Amino acid sequence: PETQSSPKAADGQEEKTEKSTEEISAAEKSLLQKVLRKGLVESTKSVEVQRRDPNSPLYSVKTFEALNLKPELLKGIYQMGFNAPSKIQETALPTLLANPPQNMIAQSQSGTGKTAAFVLAMLSRVDTSKPYPQVLCLSPTYELAVQTGEVAAKMAKFCPDIKMKFALKGETLARGTRIEEHVLIGTPGKIMDWSIKFKFFDIKKITAFVLDEADIMIATQGHQDQCIRIHKMLSPSCQMMFFSATYDTEVMEFAELIVKNATIIRLQKEEESLENIKQYYVKCGNIEEKYQAITNIYGVITIGQAIIFCQTKKTACWLSDKMTQDGHSVAILSGDLTVEDRISVLDRFREGLEKVLITTNVLARGIDVEQVTIVVNFDLPVDQNQQADYETYLHRIGRTGRFGNSGVAINLVDSTRSMQICQDIERHFKRTIYHLDAEDPDAIE
Ligand code: ADP
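Everything numeric here is computed off the predicted structure, so don't read it as measured data. (Residues numbered from 1 in each chain as written. Predicted model: local features only at pLDDT ≥ 70, side-chain atom pairs only at ≥ 80, totals over all residues. Heavy atoms only, no water.)

### As for the overall build of the protein chain
Selection rule: A helix here means a DSSP run of H or I that spans at least four residues, while a strand means a run of E at least two residues long, and both kinds are numbered starting from the N terminus. The rule is simple: take the accessible area with a 1.4 Å probe, protein chains only, and divide by the maximum for that residue type; under 20% is buried, over 50% is exposed, in between is partly exposed. Any pair of residues with heavy atoms lying within 4.5 Å of one another is described as a contacting pair. All accessibility values rest on the Shrake-Rupley procedure with a 1.4 Å probe; residue burial counts only the protein chains present in the view.
In terms of helices and strands, the protein chain carries 15 helices and 17 strands. Out of the 445 residues belonging to the protein chain, those deemed buried represent 54%. In the protein chain, 80% of the contacts between residues at least 6 apart in sequence involve partners at least 24 apart. Accessible surface, the protein chain as shown: approximately 19800 Å² in total, 50% of it carbon and sulfur.

Next up, the structure:
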């Protein structure tokens with residue numbers, strides 16, 4: 001059968017077609033990242049306060065108790081397993097919860113606790129005695145809105161009086177409906193329809209407005225203008241909260257347009273490093289020997305969880321089929337899966353139902369897989385000119401922070417060219433890549 005034959009070694013031509021089909025959007029990346037994430041990304045950096053309202057006190061808290069939350073919300077937070085605020089939360093929460101309300105622009109990398117922070121602020125702002133929308137959260141896509149809604153539902157578990165509604169495609173309301181839920185989470189287009197066109201709710205009564213994933217929002221065609229139009233309709237006293245994982249000038253210009261007199265805080269991205277990673281290479285004669293090497297080390301790599309990176313989709317599929325036929329339980333993530341399928345693959349992987357995930361560069365950039373202990377480069381990452389792609393290498397196997405994230409990387413080398421690339425990588429990062437005999441996988445430390 002077709003799947004049993006070896007794929008051609010990647011040549012330039014094949015690479016090009018591969019790239020275009022494997023490209024996924026920033027919104028999709030962010031989503032995959034959320035699905036894959038098990039917990040907080042710890043940070044060694046400290047929060048910088050870029051600007052603050054001189055009339056309001058800026059302080060930070062070390063405990064959730066210090067925030068004077070409703071007891072039901074506090075209970076929800078603890079049940080989610082949160083013991084103490086994350087770094088960004090320590091500084092953001094007092095401002096987000098302050099009275100009178102204050103505007104905020106906050107930036108920190110994905111996984112540092114932004115969503116949890118603004119969801120807590122959103123829920124705290126609800127007055128359940130008023131049966132209409134008071135809190136509005138804009139997300140760039142359907143799926144990201146659903147993720148936020150799920151966090152809100154968990155956090156509000158002990159606040160049954162707080163009602164939430166999604167304003168997303170597929171949700172339809174009869175003409176003349178008046179929305180009674182307190183919290184609305186949706187995409188800009190649907191929110192515009194529901195407020196401006198159909199008047200399902202009075203946007204002037206919104207007291208807290210969250211713009212999530214602002215960087216992705218402006219990367220999405222038309223969303224920026226819609227956000228600005230929605231913003232213009234809001235009451236001047238509405239609290240504006242603006243969150244982004246990046247902080248380039250375009251995002252900031254957008255932010256300053258929407259959020260006046262904001263306290264601006266930022267937590268710089270943690271650098272990735274190879275510090276705690278033990279790197280190996282395995283010499284193989286051809287792709288079949290690479291497969292053999294994977295089989296030999298399978299027992300060792302599945303002690304924890306492993307990701308195997310292939311340069312092309314074709315190789316990834318071939319490897320996945322072959323391993324499956326040999327009775328190994330593997331998952332495959334490729335760019336042409338539907339969003340739902342990608343989520344379900346990653347959900348299963350995160351839960352440990354599959355110990356090995358085979359993928360292409362879909363996952364290489366922008367996605368952190370901190371819980372993965374072993375990364376196998378079935379193919380070494382190369383750029384369009386077939387030169388060593390250091391950045392991708394670092395992102396595949398590097399780890400951030402110093403929080404005990406040790407790991408192992410195994411590079412399969414099958415030609416003088418790939419050996420050369422391996423040596424280039426070694427030289428570039430100034431860290432030894434040790435020889436590993438795949439017949440003796442126990443040598444892996
Ligand atoms: P971001 O929005 O910056 O990507 P999230 O709010 O989604 O970050 O948080 C990332 C992960 O960390 C989630 O799994 C979330 O449940 C968890 N988390 C958030 N805040 C805390 C906290 N204070 N303590 C423990 N885990 C937390």
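### A few points about empty space enclosed by the protein
Just so we agree on the cut-off: Only protein atoms enter the calculation, which uses a 1 Å grid: trapped sets of points that fit a 1.4 Å probe without letting it out are cavities, open sets showing protein on both sides within 12 Å along at least five of seven lines are pockets, and any residue with an atom within 4 Å of a point is a lining residue. Grid points are joined across faces, edges and corners, and a volume is the space filled by probe spheres set on the points.
In this structure the tally under the stated criterion is 2 cavities of 30 Å³ or more. As a volume, the second largest cavity reaches approximately 40 Å³. In terms of lining residues, the second largest cavity is bounded by Phe64, Ile77, Phe82, Gln89, Leu93, Ala116, Ala117, Leu120 and Met155. Listing elements by their share of the lining of the second largest cavity, those giving two or more residues are helix 4 (87-97) and helix 5 (114-124). Per-element tally for the lining of the second largest cavity: the top contributor is helix 5, with 3 residues.

### Concerning helix 4
Counting buried positions along helix 4 yields 10 of 11 residues, so the element is predominantly enclosed. Residues Ile88, Gln89, Glu90, Thr91, Ala92, Leu93, Pro94, Thr95, Leu96 and Leu97 constitute the buried set of helix 4. Of the surrounding elements, those touching the buried residues of helix 4 are strand 1 (48-51), strand 2 (104-108), helix 5, strand 7 (239-244) and strand 8 (263-267).

### Looking at the packing of helix 5 against helix 6 (residues 142-155)
To be explicit about the condition: To obtain each axis, a line is fitted to C-alpha atoms, and for helices this fit is confined to the stretch in contact; angles are then taken between N-to-C directions over 0 to 180 degrees. Just so you know how the angles are binned, under 35 degrees is roughly parallel, over 145 roughly antiparallel, 65 to 115 roughly perpendicular, and the rest oblique. Crossings are sorted by hand: turned counterclockwise from the far helix by less than a right angle, the near helix makes the crossing left-handed, and turned clockwise it makes it right-handed. Polar here means any residue outside two lists: the nonpolar Ala, Val, Leu, Ile, Met, Phe, Trp, Tyr, Cys and Pro, and the charged Asp, Glu, Lys and Arg; Gly therefore counts as polar.
Direction vectors running N to C along helix 5 and helix 6 enclose 60°, while the axes themselves pass 10 Å from each other. One finds that helix 5 runs oblique with respect to helix 6. Between helix 5 and helix 6 the crossing geometry is right-handed. Contacts between helix 5 and helix 6 involve Thr115, Ala116, Phe118, Val119, Leu120 and Leu123 from the first element and Thr148, Val151, Ala152 and Met155 from the second. Looking at the contact of helix 5 with helix 6 residue by residue, the classes come out as 8 nonpolar, 2 polar and no charged.

### Regarding the nonpolar core
The nonpolar side chains of a soluble globular protein tend to be buried, and buried together. This is how it is decided: The set of buried Ala, Val, Leu, Ile, Met, Phe, Trp, Tyr and Cys residues whose side-chain atoms join them within 4.5 Å is what this entry labels a nonpolar core.
If you look at the biggest cluster of nonpolar residues, it comprises 41 residues, and the most contacted ones within it are Leu93, Leu96, Met122 and Met155. The element contributing the most residues to this core is helix 5, with 8 residues. What leucine 93 contacts, discounting residues up to four positions off in sequence, is Phe64, Leu67, Ala117 and Leu120.

### Some remarks on the packing of helix 9 (residues 223-233) against helix 10 (residues 249-258)
With their axes 10 Å apart at the nearest point, helix 9 and helix 10 run at an angle of 15° to one another. Relative to helix 10, the element helix 9 is oriented roughly parallel. Taken as a pair, helix 9 and helix 10 cross one another with a handedness that is right-handed. Within the contact between the two elements, helix 9 uses Gln224, Cys227, Ile228 and His231 and helix 10 uses Phe254, Leu257 and Ile258. Across the contact of helix 9 with helix 10, the residue classes tally to 5 nonpolar, 2 polar and no charged.

### So, the site of the ligand
How we decide: For this purpose, a residue is taken to be near a molecule or strand whenever a single non-hydrogen atom of the residue falls within 4 Å of it. For the purposes of these results, a polar contact is taken to be a pair of N or O atoms within 3.5 Å, where, inside protein, one atom must be able to donate a hydrogen and its partner to accept one; residues adjacent in sequence count only when each atom of the pair is a side-chain atom.
Neighbouring the ligand are 18 residues; Ala84, Gln89, Gly111, Lys114 and Thr115 lie closest to it. Alanine 116 places a main-chain nitrogen or oxygen 2.9 Å from an oxygen atom of the ligand. Expressed as a share of its isolated accessible area of 560 Å², the protein-covered part of the ligand is 82%. Sorting elements by how many residues they give to the shell around the ligand places helix 5 first, with 3 residues. Classifying every residue of the shell around the ligand by side-chain character gives 6 nonpolar, 9 polar and 3 charged.

### Details of helix 15 (residues 416-429)
Filter applied, for reference: In this analysis, the expected span of each helix is defined as 1.5 Å times one less than the number of residues it contains.
In a regular helix each residue adds 1.5 Å, so 14 residues correspond to 20 Å; helix 15 covers 20 Å between its end C-alpha atoms and thus fits that length. Packed against the buried residues of helix 15 are strand 10 (277-283), helix 14 (390-397), strand 16 (407-413) and strand 17 (433-435). Directly beyond the C-terminal end of helix 15, a positive phi value near 55° is found at lysine 430.

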